[in-house]
Amino acid sequence: MTPLVLTLRERPEQRLDLAPLVPHRLAGVTAAEIERIELQTTRRHVLVGDIFRLRMGDAAQIRIEGACDRLDRIGHEMACGEIVVEGDVGTQTGRLMKDGRLTVHGSVGPWGASGMKGGTIEIFGNAGDRLGGPDAGEIAGMRGGMVLVRGSVGERAGDRMRRGTIVVERTAGAHAGSRMIAGTLVVVGRTGPLPGYLMRRGTIVLGEGSKELSPTFIDCGVHDLVAARLMADFIGAYSAPAAKLFGRPLRRFAGDMAVLGKGEIFTRT
């Protein structure tokens, strides 16, 4: 299958909203019609043809080449197919994504996977703050799907996460998994202070622990759980380093007791 290729002509002067460029919205659309799609901006009228060179192919597979951090909302509400991005991207990548696969060979800005409901996002670089977190005014963040970050993430990854899985192969900033409602967050490397801050439910697994765990978590001892082995089988299909964390007994902390207290943080012994 030959993909539909969009090559950025040059770095745009302003931020661009690429939400219209997803497979289910471009299915059956001609090259001329795609080039006339208007991209929301801050200052002036911009069409796809003004910004990208288009090489027509099957819209079920979209490839964006030469991307930069001024391209926002790539994969917004994506419902099927695949998008592959070469380069860094801006904010809200994969926001409200429902299905399909989004791969970024670069880094993403803040609020990646915000409100995500399904599908898979793989990021080969780093991710900004609030990965999987809610947008302003929303009460829940990520609601399903898988997010795999090969690099590091900023602060509050998984904030108010409700369902789904986030795997980070390097480090995470402060307040990872803050206010989690449910779901799973795995960080292979070092995590900043106060992971799981005010989490109600959910599971956080920390490969190298955290320098500062909230005192409102209770040490429940070391456990060798069957559920951990099942989780290793699931995560192993995406990340071998993350799956290795479950190959030995883990220390369990229950909390956050400052709120509902039904969440858990696992660390290596």
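Here the structure is shown first, and the text comes after it.
Structure report, in brief.

Criteria and cut-off values
Residues numbered from 1 in each chain as written. Predicted model: local features only at pLDDT ≥ 70, side-chain atom pairs only at ≥ 80, totals over all residues. Heavy atoms only, no water. Helix = DSSP H or I, 4+ residues; strand = E, 2+ residues; numbered from the N terminus. Rg over C-alpha atoms; globule rule 2.2 N^0.38 Å. Contact = heavy atoms within 4.5 Å. Areas by Shrake-Rupley, 256 points an atom, 1.4 Å probe, with all protein chains shown as cover. Lys, Arg positive; Asp, Glu negative; His and termini not counted. Charge placed at Lys NZ, Arg CZ, Asp CG, Glu CD. Salt bridge = Lys/Arg side-chain N within 4 Å of Asp/Glu carboxyl O. Buried < 20%, exposed > 50% of the residue type's maximum accessible area, 1.4 Å probe, protein only. Core = buried A, V, L, I, M, F, W, Y, C linked by side-chain atoms within 4.5 Å. Pairing = 2+ DSSP bridges.

## Thoughts on the overall build of the protein chain
Helix and strand content of the protein chain: five helices and 17 strands. Radius of gyration (C-alpha) of the protein chain: 19 Å, near the 18 Å computed for a compact globule of 269 residues. Contacts spanning at least 24 positions in sequence make up 42% of the contacts within the protein chain whose residues lie at least 6 apart. Element-wise, carbon and sulfur atoms account for 49% of the exposed surface of the protein chain, whose accessible area totals about 11,300 Å². Within the protein chain, one finds 36 positive and 30 negative side-chain charges whose respective centroids are separated by 5 Å.

## A closer look at the pattern of salt bridges
Throughout the structure, instances matching the rule amount to 16 salt bridges. Note that E122 and R101 form a salt bridge whose closest N and O atoms lie 2.5 Å from each other. A residue pair is termed long-range when its members are at least 10 positions apart, and E122 in strand β10 (residues 120–123) and R101 in strand β9 (residues 101–105) qualify at 21 residues. Taken together, the shared-partner salt bridges connect R101, E122, R150 and E169 into one network.

## As for the environment of G90
By the secondary structure assignment, G90 is in the loop between β8 (82–87) and β9. For G90, a relative accessible area of 2% puts it in the buried group. Between the C-alpha atom of G90 and that of I37, which follows or precedes it by 53 residues, the distance is 20 Å. Setting aside residues no more than four positions away along its own chain, G90 makes contact with R15, C68, D69, L71, D72, V108 and G109.

## Focus: the nonpolar core
Generally speaking, a soluble globular protein has its nonpolar side chains buried in company with each other. Residues F52 and I64 are the most contacted members of the largest nonpolar core, which totals 54 residues. Here this core gets four residues from one element, more than from any other, and that element is strand β6 (residues 58–67). Apart from residues no more than four positions distant in its own chain, I64 is found in contact with L6, L18, F52, I74, I83, V84, V85 and E86. If you look at the next biggest cluster of nonpolar residues, it comprises 14 residues, including M146, L148, V186 and L250.

## Observations concerning the side chain of T103
Looking at the element boundaries, T103 is found in strand β9. Those residues in contact with T103, other than ones at most four positions away along the chain, are I83, V84, V85, E122 and F124.

## Thoughts on the environment of G132
Note that G132 resides in the loop between β10 and β11 (143–149). Considering only alpha carbons, one finds G132 and A157, 25 residues apart in sequence, at a separation of 6.4 Å. When neighbours within four sequence positions are excluded, G132 is seen to be in contact with G112, A113, S114, G141, M142, D159 and I166.

## A closer look at the pairing of strand β16 (residues 250–255)
Pairing analysis gives four bridges linking strand β15 (residues 218–223) to β16, with the strands arranged antiparallel. By the bridge assignment, I218 is partnered in β16 with A254. Pairing of β16 with strand β17 (residues 263–268) involves six bridges; the strand directions are antiparallel. Counted as the bridge partner of R251 is T267 from β17.

## Side note on the side chain of Q14
Note that Q14 resides in the loop between β1 (3–8) and β2 (16–17). Once residues lying within four places of it in the same chain are set aside, the contact partners of Q14 are T41, T42, R43, R44, V46 and R70.

It is worth stressing that arrangement in space is one thing and function is another; only the former is reported here.
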